[in-house]
Amino acid sequence: MARNSQRDRLQDQYGINGLTRRQMLKLNFKLSLFNLLSKLVFTGLFLLLMPYIIERINLKQVDNDLVQKREQVLALISDIGIEPFITSDSSFGSFNILKEEFISIEKTSSVEDLNFIEVTTRIIEDEEIGYRVLNYSFKIEDQNYLLEVGKSLVSISRTGRNIRNLMLVFLAFIIVITFFTDTLYTRLLLTPLERIKGKLKMISDPSLFDKVPVKTSTSDFYRLDNALCEVMDNLNQLFQKEKEITVNISHELMTPISVLRSKLENILMKEDIKPDTATKVEDSLKTLHRLQSLVSSLLMIARIESNQYLREDSFFINDVLKEIIKELEPIAEDANIKLRNNIKDDLKIKEANRSLIFSMFYNVVNNSLKNTPSEGNVLISGTFNQKKFTVNISDTGRGMTEMQKSLLFSRFRIRDKNSGEGTGIGLAIAKTIADFHKIEISVTSEPEEGTTFSFIFPENS
Amino acid sequence: MNILIVEDEKSLASEIAEFLRSENFLCDIANTGTEASEKIAINLYDFVLLDLGLPDYNGLDLLKEARTNNSEASFIIITARGAVEDKVKGLNLGADDYLAKPFALIELLSRINAVARRKFNVTNTDITLGDFTMQVQSRKLVCKGSDVDLTKKEFDLLQYLVLNKDKVLTRHQLYEHIWGNLLDDQYDSNFIDVHIKNLRKKLNLHAPSQWLETVRGIGYRISTE
């Protein structure tokens, strides 16, 4: 978890591919945005082209209309003859009242065959009106006639405008509707992805990965989920193996240590042993103890991590802290350090391992005492902070740099020369125990000022 | 007392035997489970030190078997697998005590003695140290009629030294006995020194305590000579 947040911080700072995390967008949002933009672009294009298209369609329609009217007129003529329309010299002309359409038949001397449609202006009752006119010539009893069927351009463009307006309303409506349906559908489509993301977010360890497949009808998500499950499974097996190996190696190491220890102790108990030999043997024993302590620590960490410890105790945190203070008070007094207890609240923790929790606090308090010079203070306090119980262990010791802080909980960290002796694994144990109990540890430290370790207990403990 | 050491690591078995012989025990060694099983069937032992990690035998099975054949014996389980379940299982099957490897020989001895005292119902007698008297039963140290005010740890420390009087105990042996397997990564810790210093201060308020000796470079000893 700590590693993750560190990575997040780095990404916030330096970004990925030149983008900081804050500049990144969710897939869902991106799809919706693209969706909207593409709709707007296509609509825009359509609106640009629409007048031309409508005009074309309109003219075609009008021309068809004109041809149809011509056919009707010709049919009428062949039914009732030309006489009712044309008498001797006169010509026939008919307008509807609003002058939107007209039909005229006149005799013509021209012998050309005419059959075309044109746009012309006619002056009717002192009004100049643009018409779309079909000219058609035909012959009855050696007489040529010219038939004109016209439709006013005003009425044509009016229809065009109407169509355009209707189209605009319709398009706007369609855009809104499809934008919402698309967004909803994308969201629905991406739900499995969100679920997979959720599954990944919640876990701190591959063994905790939820193996229940995410419900989806999208094969890609199905494959992704499957692949993740497999990866997690493999990782888990590797982790498990690593833990087993640690446990086994530790066990294997204990036997030779045991042999050496017994041998050295037997030598030390010989009555005729010379004092300087005895000192050397005791030195060797010390070194051996160091090795033993190291192996035991590794074993303990591996055991905790592979859940070999039970969490069945419920107890008050204060009792543990008081016990630790009592244990370490003589040491603090001897080093002239004030070990003070400023516990205000208390928490009864459930489903925990008391001896592990004891070790965790003990290691940290002990570490603080080791790093605090004479006349200094180590203060232990417990309070509720935003519903979460928090134990703070503060010292007025030499503090740490950021670099030291980041390596604090790693096993066998690189230590600088003045960090004292010790295997340096005590804090790694504390961290492992905290993780095991889902306790969050945070450290604040100022070089030469002091360090505070905060243990934040989960809300429901 | 007659002790059978069941341990597949030969050199460890012989070291344990050497030590216990020097403490006037009669020792027998079995390096395999089969050998142990045979020996337990034939001989009568007061104690069996049983390593659970035998290559040819499940240590717990051997314990079950031995309990029926040799019910007089007391069992102390030794194991490199310090897992809690092993301990609980062993004690449930009737083992009298449990020691995780690596252990101090002195610790083994004091466990054997403690089991023996329990078994033979030996009441702890008071022990005299100079002008002081240690009342083991009531966990009190008395000097010329008045109690010496000791903390629990200080009393434990003194008692362990008394139980192993005339032997030099190293700081680590003392630490291990009193704090058990609490892991302290500061292996050079001066815990014991601090406690001995406090202990001496308290003792000296009542009477001289020259019987509590510091053995340079090694540790501490209570000398009764």
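Conventions we followed
- Residue numbering note: each chain is counted from 1, following its sequence as written.
- Whichever chain is written first is A, and whichever ligand is written first is 1; the rest continue in order.
- The predicted nature of this model means local features are confined to residues of pLDDT at least 70 and side-chain atom pairs, given and counted, to a pLDDT of 80 or more, with totals for whole chains, interfaces and linings taken over all residues.
- The helix count covers DSSP runs of H or I at least four residues long, the strand count covers runs of E at least two residues long, and both are numbered beginning at the N terminus.
- By definition, residues are in contact whenever their C-beta atoms, placed on the basis of the backbone, come within 7 Å of each other.
- Axis definition: a line fitted to C-alpha atoms, over the contacting stretch in the case of helices. Angles run 0 to 180 degrees between N-to-C directions.
- Reported orientations rely on four angle classes, namely roughly parallel under 35 degrees, roughly antiparallel over 145, roughly perpendicular from 65 to 115, and oblique for the rest.
- Note that Gly is not counted as nonpolar here; it falls among the polar residues with everything else outside the nonpolar set of Ala, Val, Leu, Ile, Met, Phe, Trp, Tyr, Cys and Pro and the charged set of Asp, Glu, Lys and Arg.
- By definition, a nonpolar core groups buried Ala, Val, Leu, Ile, Met, Phe, Trp, Tyr and Cys residues that connect through C-beta atoms lying within 7 Å of each other.
- Exposed residues have 12 or fewer other C-beta atoms within 10 Å of their own C-beta, buried residues have 20 or more, and partly exposed residues fall in between, where C-beta atoms are placed from the backbone.
- Each residue after the first adds 1.5 Å to the expected span of a helix.
- To get the bend at a given residue, fit one axis to the seven residues ending there, fit another to the seven starting there, and take the angle between those axes.
- pLDDT: the predictor's confidence for each residue, scored from 0 to 100.
- Between any two strands, at least two bridges found by DSSP are needed for them to pair.
- For a crossing to be left-handed, the near helix must be turned anticlockwise from the far one by less than a right angle; the clockwise case is right-handed.
- In this description, one arc is meant: the one made by directions from the helix axis to the C-beta atoms.

With that settled, consider the overall build of chain B. For chain B, the helix and strand inventory stands at 8 helices and 12 strands. Across chain B, contacts joining residues at least 24 apart in sequence account for 58% of those joining residues at least 6 apart.

Contact geometry for helix H6 (residues 317–334) of chain A and helix H8 (residues 191–206) of chain B: axes closest at 10 Å, N-to-C directions at 85°. In terms of orientation, H6 of chain A lies roughly perpendicular with respect to H8 of chain B. Contact residues: H6 of chain A offers Pro-330, Ile-331 and Asp-334 of chain A, while H8 of chain B offers Phe-191, Val-194, His-195 and Asn-198 of chain B. Within the contact of H6 of chain A with H8 of chain B, the residues separate by chemical class into 4 nonpolar, 2 polar and 1 charged.

Turning next to the nonpolar core. In this structure, Phe-361, Val-365 and Ile-433 of chain A together with Leu-4, Val-48, Leu-49 and Leu-50 of chain B are the most contacted members of the largest nonpolar core, which totals 102 residues. For this core, the leading source of residues is helix H5 (residues 275–305) of chain A, giving 11 residues. Within the second largest apolar cluster, 9 residues are counted, among which are Leu-66, Phe-85, Ile-105 and Leu-134 of chain A.

Residues and elements named next belong to chain B. Of the consecutive residues Lys-101 and Pro-102, the connecting peptide bond is found in the cis state with omega at -10°. Along the chain, Pro-102 falls in the loop between strand S5 (97–100) and helix H5 (105–119). Phi angles above zero are rare outside glycine, and Asn-24 is one such case at about 65°. Here Asn-24 is to be found in the loop between helix H1 (10–22) and strand S2 (26–30).

All names here are of chain A. Compared with an ideal rise of 1.5 Å per residue, which puts 54 residues at 80 Å, helix H2 (residues 27–80) spans 74 Å between its outermost C-alpha atoms and is within 8% of the ideal. Along H2, the sharpest change in direction is near 45° and occurs at Met-50; proline Pro-51 comes one to four residues later. Little of H2 is tucked away: 1 of the 54 residues are buried. Remark: Gly-81 follows H2 within two positions and exhibits a positive phi of approximately 80°.

Turning our attention to the environment of Thr-79 of chain B. On the secondary structure map, Thr-79 of chain B appears in strand S4 (residues 74–79). Note: C-alpha distance between Thr-79 of chain B and Pro-102 of chain B (23 residues apart in sequence) is 8.6 Å.

The next thing to look at is the interface of chain B and chain A. Contact with chain B, which involves 31 residues of that partner, is made by 39 residues of chain A. Taken together, the elements giving at least two residues each to the side of chain B that touches chain A come down to H1 and H8 of chain B. Among the elements that line the side of chain B that touches chain A, the one with the most residues is H1 of chain B, at 6 residues. Class assignment for the residues of the side of chain B that touches chain A results in 14 nonpolar, 8 polar and 9 charged.

Let us look at the confidence of the model for chain A. All names here are of chain A. The predicted model of chain A has a mean per-residue pLDDT of 82, with 91% of residues at 70 or higher. Across chain A, strand S12 (residues 450–456) holds the top mean pLDDT of 92, while helix H1 (residues 2–14) sits lowest at 51. Below a pLDDT of 50 lies the segment residues 416–421, which in the model reaches 3 contacts outside its immediate sequence neighbourhood of four places, other chains included.

Turning our eyes to something else, we now look at the sheet that holds strand S11 (residues 212–215) of chain B. Read from one edge of the open sheet, 3 strands run S10-S12-S11 (chain B), paired in antiparallel fashion. Looking at the sheet topology across the chains shown, the edges are occupied by strand S10 (169–170) and S11 of chain B.

Here we take up the packing of helix H7 (residues 354–370) of chain A against helix H9 (residues 426–436) of chain A. Residue and element names in this part refer to chain A. Direction vectors running N to C along H7 and H9 enclose 145°, while the axes themselves pass 9 Å from each other. Here the hand of the crossing between H7 and H9 comes out left-handed. Counting all contacts with H7, which are made through Leu-356, Ile-357, Ser-359, Met-360, Asn-363, Val-364, Asn-366 and Asn-367, the residues of H9 involved are Gly-426, Leu-427, Ile-429, Ala-430, Ile-433, Ala-434 and Phe-436.

Right, let's talk about the sheet that holds S4 of chain B for a bit. Residues and elements named next belong to chain B. Strand order in the open sheet formed by 5 strands is S2-S1-S3-S4-S5, with parallel pairing between adjacent strands. Two strands bound the open sheet, and with one partner strand each, they are S2 and S5. On average, adjacent strands in this sheet sit at an angle of 20° to one another, irrespective of strand direction. Relative to S4, strand S3 (residues 47–51) is paired through 5 bridges, and the arrangement is parallel. Along S4, the bridge assignment pairs Leu-50 with Ile-77. The strands that H1 touches are strand S1 (2–6), S2 and S3; relative to S2, the one it contacts most, it runs at about 170°.

Right, let's get into the environment of Gln-135 of chain B. Along the chain, Gln-135 of chain B falls in strand S7 (residues 132–135). Considering only alpha carbons, one finds Gln-135 of chain B and Gln-159 of chain B, 24 residues apart in sequence, at a separation of 10.0 Å.

This next bit is on the pairing of strand S9 (residues 377–385) of chain A. Residues and elements named next belong to chain A. Taken together, the 6 bridges between strand S7 (residues 338–343) and S9 define a ladder with parallel strand orientation. Each residue of the ladder has a partner; that of Leu-339, found in S9, is Val-378. Relative to strand S10 (residues 388–395), S9 runs antiparallel, the two being bridged by 8 bridges. Bridged to Phe-384 within S10 is Phe-389.

Taking 1.5 Å as the rise per residue, H8 of chain B with 16 residues should run 22 Å; its terminal C-alpha atoms sit 24 Å apart, in good agreement. For H8 of chain B, every residue scored as buried is listed here: Phe-191, Ile-192, His-195, Ile-196, Leu-199 and Leu-203 of chain B. With its buried residues spanning 115° around the axis, H8 of chain B presents them on a single face. Exposed side chains of H8 of chain B directed beyond 90 degrees from the buried face belong to Lys-197, Lys-201, Asn-204 and Leu-205 of chain B. Elements in contact with the buried residues of H8 of chain B: H6 of chain A together with helix H6 (152–163), helix H7 (171–179) and strand S12 (219–222) of chain B.

What follows is about the environment of Lys-243 of chain A. Residues and elements named next belong to chain A. Mapping Lys-243 onto the fold places it in helix H4 (residues 219–268). In this structure Lys-243 comes out as partly exposed when scored by C-beta crowding, with 18 C-beta atoms within 10 Å. Sequence separation between Lys-243 and Ala-302 is 59 residues; the distance between their C-alpha atoms is 5.4 Å. Residues within four places of Lys-243 in sequence aside, it is in contact with Ala-302, Glu-305 and Ser-306.

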